[in-house]
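Structural characterization, general
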Amino acid sequence: MSSSSPTPPAPEPTPSPDLEAPPEPAFGWTDYAERMNGRFAMVGFIVLLLLELVTRQDFFTWVGLR
């Protein structure tokens, strides 16, 4: 039998400081602005699909273009 001591567990990696700070709004084409634009576009698309499903009319008919 060998009397070797067990190896200690590896330390947890520390998160980088840029992941801890919340993004702040800024002017221009920033990562934050583009991410928010994408999220609003996804929500708008889902709302449009739900509107078409509920009213049984396509978007162009709903806004009066047909």
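Quantities reported herein were computed from a predicted structural model and do not represent experimental measurements.

Brief notes about the confidence of the model for the protein chain
- Scored by pLDDT, the protein chain comes out at a mean of 82, with 83% of its residues at no less than 70.
- Predicted confidence in the protein chain is weakest over helix α1 (residues 17–20), with a mean pLDDT of 60, and strongest over helix α2 (residues 31–55), with 93.

With respect to the environment of Thr-61
- One can find Thr-61 in helix α3 (residues 59–62).
- For Thr-61, the side chain forms a polar contact with the side chain of Asp-58, separated by 2.5 Å.

Quick notes on α2
- The first and last C-alpha atoms of α2 sit 36 Å apart over 25 residues, in line with the 36 Å expected at 1.5 Å per residue.
- Looking at the residues trailing α2, positive phi occurs at Arg-56, about 60°.

Digging into the environment of Pro-25
- Note on placement: Pro-25 falls in the loop between α1 and α2.
- With a relative accessible area of 65%, Pro-25 lands in the exposed category.
- Considered as a pair, Pro-25 and Met-36 are 11 residues apart in the sequence and their alpha carbons are 9.8 Å apart.

Overview of unusual backbone geometry
- Not every positive phi belongs to a glycine, and Arg-56 is a case in point at roughly 60°.
- Here Arg-56 shows up in the loop between α2 and α3.
- A relative accessible area of 69% places Arg-56 in the exposed class.

The rules behind these values
- Residues numbered from 1 in each chain as written.
- Predicted model: local features only at pLDDT ≥ 70, side-chain atom pairs only at ≥ 80, totals over all residues.
- Heavy atoms only, no water.
- pLDDT = per-residue confidence, 0-100.
- Helix = DSSP H or I, 4+ residues; strand = E, 2+ residues; numbered from the N terminus.
- Polar contact = N/O pair within 3.5 Å; in protein donor to acceptor, adjacent residues only side chain to side chain.
- Expected span 1.5 Å × (residues − 1).
- Buried < 20%, exposed > 50% of the residue type's maximum accessible area, 1.4 Å probe, protein only.

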